[in-house]
Amino acid sequence: MEDDAPVIYGLEFQARALTAQTAETDAIRFLVGTQSLKFDNQIHIIDFDDENNIINKNVLLHRAGEIWHIGASPADKAVLTTCYNKSESRCFLLSRLRSLPLRSSDSRVVSCAAVWRMPSDWETGSNESPDDSAHNPQTLELLCHLDDGAHSNAACVLWEPMGDGKRVISLADNHALLWDLQESSTQATVSSSATLEGKGQLKFTSGKWSPHHNCSQLATANDTAIRGWDLRSMSQIYCIENAHGQLVRDLDFNPNRQYYLASCGDDCKVKFWDVRNVQEPVKTLEEHSHWVWSVRYNHSHDQLVLTASSDSRLILSNMVSISSEPFGHLVDDEELSEGEENHHEDKGKEPLQDSVVSTFEEHEDSVYAAEWSSADPWLFASLSYDGRLVINRVPRALKYRILL
């Protein structure tokens, strides 16, 4: 098989939740959460054998409900979080405690969040047929609910970047809740919280925990706005009103440039911001023809950016002009902010040009998620609603150009 050829895996279930394994990243592993109303939902553990270009899968049951968001612990490869829908009859207490009266039309489902552990022996059947775990799957072990009794519409759970797996943030309704996980994650207590205040029923839709500033900052999206928060005081530090013309769907921080943030939304645009000056985006991409659901910086080479859209396409862009290597070598934020006149070695040298590297069209449905592998910086996965997972690679020509 050709080296750059995509590898496709069908879940046989609808799905929209995808994350990469971040702990003990010797293996290329992705986790996928399904959405089914008729059957027990599942976590598919996808291990990619890069040498032989094949996928090995294991399946675990997630009986709690449809999975809308999934996150992997940075410290323990067996621990994960999910946000999921649960019927009111099985989550009666949460429904009863909601501050507003429930209409009959929306009283049947609430959104919950929980921490789970994979069974200790789930990998012992690796010598059996690859399909055995799908025919007779084990069930995830519930460690604890992320529920303070007052906010029941969880949008996402964020693990502290590069942390010890003991702190998470949940975005629920208009609250950002910082949780301390104790007793091997079997207990969770809220250590602090922030509230989104304003007119109407404000609600967080997504967020990202910054890996910079000693992991003390958070970015959140609600409606068309993006807000930054200082987690030490749980106070707002910046706000980008009308960051997008329509709903903001996703955010991601540049791993190498501490002030740079990417966003995408229902206006079909991807925007790049310097949060020190939020009046205008640094750069805007308009390559998609429908809502953009996911934006992801490459963890090592921040000029590489993935975007996934309900136009059924995944786009890989080379945003080199706003990367940490705009002239082909490493430049820090302080140097860039001083202006080009101070770059004697770069005088007269233009920044490299941004471009669309590849447009991937292996999907036939809305592409809701894209993730870079934590083990291989040149490999990434995308997931469409019909349950198709596609694993692709950065084209070799670009890979060698970056490395050499």
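Residues numbered from 1 in each chain as written. Predicted model: local features only at pLDDT ≥ 70, side-chain atom pairs only at ≥ 80, totals over all residues. Heavy atoms only, no water.

The protein chain has the name EARP complex and GARP complex interacting protein 1 in an unreviewed UniProt entry, where Gasterosteus aculeatus aculeatus is given as its organism. Regarding the protein chain, the UniProt comment filed under Sequence similarities (unreviewed entry) reads as follows: "Belongs to the WD repeat EIPR1 family." (UniProt positions renumbered as here; feature names shortened; annotations may be inferred.)

Draft legend 1. Quick look at the overall build of the protein chain. The secondary structure content of the protein chain amounts to 4 helices and 29 strands. Surface summary for the protein chain: the accessible area is close to 18200 Å², and the carbon and sulfur share equals 44%. (Helix = DSSP H or I, 4+ residues; strand = E, 2+ residues; numbered from the N terminus. Areas by Shrake-Rupley, 256 points an atom, 1.4 Å probe, with all protein chains shown as cover.)

Draft legend 2. Quick peek at the sheet that holds strand 29 (residues 388-393). Spatial ordering of the open sheet is given by 1-29-28-27, a layout of 4 strands whose pairing is antiparallel. Only two strands of the sheet have a single neighbouring strand rather than two, namely strand 1 (7-10) and strand 27 (367-372). The sheet shows a mean angle of 20° between the axes of neighbouring strands, direction not considered. In the sheet, strand 1 pairs with strand 29 via 4 bridges, with the strands oriented antiparallel. When the sheet's bridge partners are listed, Ile 8 is paired in strand 29 with Val 390. (Pairing = 2+ DSSP bridges. Axes fitted to C-alpha atoms, helices over the stretch in contact; angles between N-to-C directions.)

Draft legend 3. Local environment of the pattern of salt bridges. Taken as a whole and judged by the stated rule, the model has 14 salt bridges. A single salt-bridge network, built from bridges that share partners, covers Asp 250, Arg 296 and Glu 371. (Salt bridge = Lys/Arg side-chain N within 4 Å of Asp/Glu carboxyl O.)

Draft legend 4. Fine view of the pairing of strand 4 (residues 41-49). In terms of residue burial, strand 4 counts as a mostly covered element, since 8 of its 9 residues are buried. Connecting strand 3 (residues 28-35) to the antiparallel partner strand 4 that follows it, the hairpin turn spans 5 residues. Here strand 4 runs beside strand 5 (residues 54-62); their pairing, made up of 9 bridges, is antiparallel. If you follow Phe 48 over to strand 5, its bridge partner there is Ile 55. Joining the antiparallel neighbours strand 4 and strand 5 is a turn of 4 residues, in which Asn 53 adopts a positive phi near 60°. (Buried < 20%, exposed > 50% of the residue type's maximum accessible area, 1.4 Å probe, protein only.)

Draft legend 5. Molecular detail of the sheet that holds strand 7 (residues 79-87). Sheet architecture is open: 4 strands sit in the order 6-7-8-10, paired in antiparallel fashion. Looking at which strands have only one partner, the edges of the open sheet turn out to be strand 6 (67-72) and strand 10 (141-145). This sheet shows a mean twist of 35° between the axes of neighbouring strands, independent of strand direction. Relative to strand 7, strand 6 runs antiparallel, the two being bridged by 5 bridges. Looking at the pairing, Ala 72 lines up with Leu 80 of strand 7.

Draft legend 6. Structural context of the environment of Asp 302. Along the chain, the position of Asp 302 falls in the loop between strand 23 (292-297) and strand 24 (304-309). The class of Asp 302 is buried, set by a relative accessible area of 2%. Remark: the alpha-carbon pair of Asp 302 and Asn 256, spanning 46 residues in sequence, is separated by 6.7 Å. Ignoring sequence-local partners within four residues, the contact set of Asp 302 consists of Asn 254, Pro 255, Asn 256, Tyr 297, Ser 323 and Ser 324. A polar contact of 3.1 Å, which involves the side chain of Asp 302, links it to the side chain of Asn 254. (Contact = heavy atoms within 4.5 Å. Polar contact = N/O pair within 3.5 Å; in protein donor to acceptor, adjacent residues only side chain to side chain.)

Draft legend 7. Structural view of the packing of aromatic side chains. The tally for this structure, following the rule as stated, stands at 9 aromatic pairs. Here Trp 293 and Tyr 368 contribute two aromatic rings whose centre-to-centre distance is 4.5 Å and whose plane-to-plane angle is 85°, an arrangement assigned as edge-to-face. Placement of Trp 293 in strand 23 and of Tyr 368 in strand 27 is noted, with a sequence separation of 75 residues between them. The pair formed by Trp 293 and Tyr 368 is uniform in burial state, with each residue classed as buried. Here the aromatic rings of Tyr 368 and Tyr 385 are separated by 5.6 Å at their centres, their planes lie at 80°, and the arrangement is edge-to-face. Of the two residues, Tyr 368 sits in strand 27 while Tyr 385 sits in the loop between strand 28 (379-384) and strand 29, which places them 17 residues apart along the sequence. For Tyr 368, a relative accessible area of 15% corresponds to the buried category. The cationic tip of Arg 257 hangs over the ring face of Tyr 260; the distance from NZ or CZ to the ring centre is 4.0 Å. (Phe/Tyr/Trp six-rings, centres within 6.5 Å; stacked < 30°, edge-to-face > 60°. Lys NZ or Arg CZ within 6 Å of the ring centre and 35° of its normal.)

Draft legend 8. Highlighting the nonpolar core. In this structure, Ile 43, Ile 45, Leu 80, Trp 116, Met 118 and Leu 140 are the most contacted members of the largest nonpolar core, which totals 19 residues. Taken together, the elements giving at least two residues each to this core come down to strand 4, strand 6, strand 7 and strand 8 (109-117). By residue number, the principal contributor to this core is strand 8, which donates 4 residues. Among residues more than four places away in sequence, those in contact with Ile 45 are Arg 29, Phe 30, Leu 31, Asn 56, Lys 57, Asn 58, Leu 60, Met 118 and Trp 122. Counting residues in hydrophobic clusters, the runner-up holds 17 residues, among them Val 7, Leu 379, Leu 383 and Ile 391. (Core = buried A, V, L, I, M, F, W, Y, C linked by side-chain atoms within 4.5 Å.)

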